[in-house]
Amino acid sequence: MGNKVKIYDSAEKLFEFSRKRPIALMIYNNVEFVGVPLDVAIRKFRREKDEDWQSVGVAAAAFQQFLQDFPHRSADEKEYLKVVTIGALTSLNNKLVELFRSSLLKPPRARGRNIDTKKELRAIIERSTQELQAIPLNGYLANKTQADFNAEFFDVVQVVAKRAFQFVAPDDQIIELLNENIFSLIKSNRKTELFTGLVFGGFGSSDLFPTIVMLEIDGTYFGELRTLSKEEIDIDRNGPRTAIVPFAQQEMAERFIDGLDSQLEGDISKFVGGIVDLIMDKRPQSFKKDVRASIKDEVSNSFVEMMGKLKQQSRNSVLDIVYSMSKKELAEMAHALVELTSKKRRFSSDQETVGGPIDVAVVTRNEGLIWIQRKHYFDPALNPGYSSRMGPIKTEEADG
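A brief structural summary. Counting restarts for each chain: residues are numbered from 1 in the order of the written sequence. Local features in this predicted model are restricted to residues of pLDDT 70 or higher, and side-chain atom pairs are both shown and tallied only at a pLDDT of 80 or more, whereas totals for entire chains, interfaces and linings draw on every residue. Here the side-chain values reflect all heavy atoms present in the structure, with hydrogen atoms and water set aside.

Observations concerning the packing of helix α4 (residues 117–133) against helix α6 (residues 172–186)
Working step 1: Where α4 meets α6, the axes come as close as 9 Å, and the angle between the chain directions of the two elements is 20 degrees. When the axes of α4 and α6 are compared, the pair comes out roughly parallel. Once α4 is placed against α6, the crossing between them reads as left-handed. Touching Lys-118, Leu-121, Arg-122, Ile-125, Glu-126, Ser-128, Thr-129, Leu-132 and Gln-133 of α4 are Gln-173, Ile-174, Leu-177, Leu-178, Glu-180, Asn-181, Ser-184 and Leu-185, all from α6. Fitting a line to C-alpha atoms yields each axis, with helices limited to the stretch in contact; the angle taken between N-to-C directions then spans 0 to 180 degrees. Counting from the N terminus, the helices are the DSSP runs of H or I reaching at least four residues and the strands are the DSSP runs of E reaching at least two. Relative orientations are named as follows: roughly parallel for angles under 35 degrees, roughly antiparallel for angles over 145 degrees, roughly perpendicular for angles from 65 to 115 degrees, and oblique for any other angle. In this scheme, a crossing is called left-handed if the near helix is turned counterclockwise away from the far one by less than a right angle; it is called right-handed if the turn is clockwise. Contacts were defined at the residue level, with two residues in contact if any of their heavy atoms lie within 4.5 Å.

This is the structure in structure tokens:
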């Protein structure tokens with residue numbers, strides 16, 4: 001039921017986005033779009049739509065529109081939603097299982113009456129739907145109603161629902177609630193496991209310094225591309241002079257840059273909160289109920305402020321060093337950070353979502369995209385005709 005995960009470490013994820021401008025494109029997480037490998041879409045765009053891009057932002061917007069207009073069938077949207085629904089309903093089922101487990105762990109006298117599984121499942125679904133509706137995605141599918149969704153995707157949700165739950169067979173009312181939940185999910189800003197990250201970096205014709213544009217997409221419904229986020233970092237004399245931005249598995253890069261990763265910071269925060277509760281519980285006469293919440297908030301805010309300062313100090317120290325690095329050293333550093341994450345994943349119980357050969361490229365205004373390290377599915381030494389067929393790509397920048 002969708003619980004098996006296959007990880008490939010040989011997929012292409014770094015591309016020369018443009019032949020006319022020094023712009024690269026990196027993808028992470030899902031490497032397909034509506035059933036088409038993204039490397040195919042990228043090469044099709046480069047062949048048919050490539051221009052002398054004025055800026056990286058304009059190039060990114062053009063590719064975003066290209067994906068929006070990319071031809072696909074209704075069946076492709078349904079297949080994507082099917083996988084999304086499997087993940088969402090599995091999560092709901094796990095909450096129901098946890099409810100049963102918690103009940104069974106109670107002493108017999110404390111268990112009370114038997115659990116009404118359908119009632120509890122309806123409550124779980126309704127709470128989830130409310131949470132999703134509280135985080136809408138910038139008016140996405142604002143012109144579509146629940147009736148529109150049901151007309152197009154009801155059968156998809158129904159098929160998955162009949163197989164998703166261990167302790168209950170969903171009735172018509174539960175099926176309706178699940179359809180509302182899935183519609184709320186795709187209209188929310190919550191990413192699913194199938195999202196794709198796109199990172200554009202380099203120089204447009206009007207760019208003196210490099211720019212990075214980052215966006216995350218998560219399928220397309222009713223022909224509308226679901227774009228979760230879009231950010232831009234523009235290196236400039238009047239703004240940030242250097243930046244290190246980790247993507248996908250970020251924990252090791254965060255530890256290197258900030259001194260600790262977000263998961264560790266969260267664990268420390270929970271520990272501090274637990275200590276505060278313990279102290280107040282030990283001295284209830286000193287901490288009345290009406291002041292407990294304000295004390296916890298004050299401690300939490302102080303902790304967040306302190307950690308922010310410590311992380312910023314660590315980040316500034318690293319960025320100061322990066323600012324003076326040569327292109328060769330920057331490439332070595334990028335490779336080392338990815339390799340560090342790969343080794344950590346390999347020698348732990350985590351899934352090896354980072355591994356295999358590492359692609360490294362440097363993008364400069366004059367030389368364009370230069371491969372420092374690149375994996376091939378073949379040995380170039382055994383295929384001399386490959387280089388002669390591809391040939392060197394000349395641009396105005398390279399010639400100048």
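Additional details are given in the paragraphs that follow.
Observations regarding the packing of helix α7 (residues 251–258) against helix α9 (residues 289–323)
Working step 1: Look at α7 against α9: their axes get within 7 Å of each other, and the N-to-C directions meet at 85 degrees. Relative to α9, the element α7 is oriented roughly perpendicular. Contacts between α7 and α9 involve Phe-256, Ile-257 and Asp-258 from the first element and Leu-310, Lys-311, Ser-314, Arg-315 and Val-318 from the second.
Working step 2: In the contact of α7 with α9, the residues fall into four nonpolar, one polar and three charged. Only Asp, Glu, Lys and Arg are considered charged, only Ala, Val, Leu, Ile, Met, Phe, Trp, Tyr, Cys and Pro nonpolar, and every remaining residue, Gly among them, polar.

Some words on the environment of Asn-316
Working step 1: Residue placement: Asn-316 occurs in helix α9.
Working step 2: Partly exposed residues are those whose accessible area sits between 20% and 50% of the maximum for their type, while under 20% is buried and over 50% is exposed, using a 1.4 Å probe and protein chains only. Judged by relative accessible area, Asn-316 falls into the partly exposed class, the value being 36%.
Working step 3: On a C-alpha basis, the gap between Asn-316 and Asp-258 in space is 8.9 Å, while along the polypeptide they are 58 residues apart.

With respect to the nonpolar core
Working step 1: Among the nonpolar cores identified, the biggest contains 40 residues, and Leu-81, Leu-89, Phe-149, Phe-165, Leu-178 and Tyr-221 are the most heavily contacted of them.
Working step 2: At the level of elements, α3 (74–105), α4, α5 (146–164), α6 and β6 (211–221) are the ones that each hand at least two residues to this core.
Working step 3: If you tally residues by element for this core, the top one is α3, at nine residues.
Working step 4: Excluding residues within four positions of it along the chain, Leu-81 makes contact with Phe-149, Phe-153, Val-156, Ile-182, Ile-186 and Tyr-221.
Working step 5: Definition used in this section: a nonpolar core is a set of buried Ala, Val, Leu, Ile, Met, Phe, Trp, Tyr and Cys residues joined via side-chain atoms within 4.5 Å. The next biggest cluster of nonpolar side chains, apart from the first, holds 25 residues, and it includes Phe-15, Phe-17, Leu-38 and Ala-60.

Considering the packing of aromatic side chains
Working step 1: Two aromatic rings from Phe, Tyr or Trp, using only the six-membered ring of Trp, form a pair when their centres are within 6.5 Å; if the ring planes differ by under 30 degrees the pair is stacked, by over 60 it is edge-to-face, and anything between is tilted. As enumerated under the stated definition, the model contains 16 aromatic pairs in all.
Working step 2: Look at Phe-153 and Phe-222: their rings are 5.5 Å apart centre to centre, the planes differ by 80 degrees, and that puts the pair in the edge-to-face class. Of the two residues, Phe-153 sits in helix α5 while Phe-222 sits in the loop between β6 and β7 (224–234), which places them 69 residues apart along the sequence.
Working step 3: Since its relative accessible area comes to 22%, Phe-222 is described here as partly exposed.
Working step 4: Among the aromatic residues, those joined into a ring-pair cluster are Phe-17, Phe-45, Trp-53, Phe-63, Phe-66, Phe-70 and Phe-200.
Working step 5: Over the ring of Phe-195 we find Lys-191, and its NZ or CZ is 4.3 Å from the ring centre. Whether a charge sits over a ring depends on NZ of Lys or CZ of Arg being within 6 Å of the ring centre and within 35 degrees of the ring normal.

Observations concerning the sheet that holds β6
Working step 1: Taken together, the five strands give an open sheet; going across it, the order is β1-β2-β5-β6-β7, and neighbouring strands pair in antiparallel fashion. Edge positions in the sheet fall to β1 (14–16) and β7, since each of these pairs with one other strand and no more. Taking the axes of each pair of neighbouring strands and ignoring which way they run, one obtains an average angle of 20 degrees across the sheet.
Working step 2: Taken together, the seven bridges between strand β2 (residues 23–29) and strand β5 (residues 196–202) define a ladder with antiparallel strand orientation. Bridged to Leu-25 within β5 is Phe-200.
Working step 3: In the packing of helix α2 (residues 56–68) onto the sheet, contacts are made with β2, β5, β6 and β7, and the angle to β7 comes to roughly 170 degrees. If DSSP finds at least two bridges between two strands, the strands pair.

Section: the environment of Ala-361
Working step 1: Here Ala-361 is to be found in strand β8 (residues 360–364).
Working step 2: With 26 residues separating them along the chain, Ala-361 and His-335 place their C-alpha atoms 9.7 Å apart.
Working step 3: Ignoring sequence-local partners within four residues, the contact set of Ala-361 consists of Leu-14, Leu-369, Ile-370, Trp-371 and Ile-372.

Describing α7
Because an α-helix packs 3.6 residues into every turn, residues spaced three or four apart end up facing the same way.
Working step 1: Among the eight residues in α7, six count as buried, and that is most of the element.
Working step 2: All of the buried residues along α7 are Glu-251, Met-252, Ala-253, Glu-254, Ile-257 and Asp-258.
Working step 3: Phi turns positive, to about 95 degrees, at Gly-259, one or two residues after α7.

Points about the pattern of salt bridges
Working step 1: Salt bridges are counted wherever a side-chain nitrogen of Lys or Arg sits within 4 Å of a carboxyl oxygen of Asp or Glu. Per the stated rule, a full pass over the model turns up 15 salt bridges.
Working step 2: Taking the shortest distance from any N to any O, the salt bridge between Glu-216 and Lys-191 comes out at 3.0 Å. One end of the pair, Glu-216, is in strand β6; the other, Lys-191, is in the loop between α6 and β5, and 25 residues separate them in sequence.
Working step 3: Overall, the relative accessible area of 12% leaves Glu-216 in the buried class.
Working step 4: Overlapping salt bridges bring together Glu-12, Asp-39 and Arg-43 as one network.

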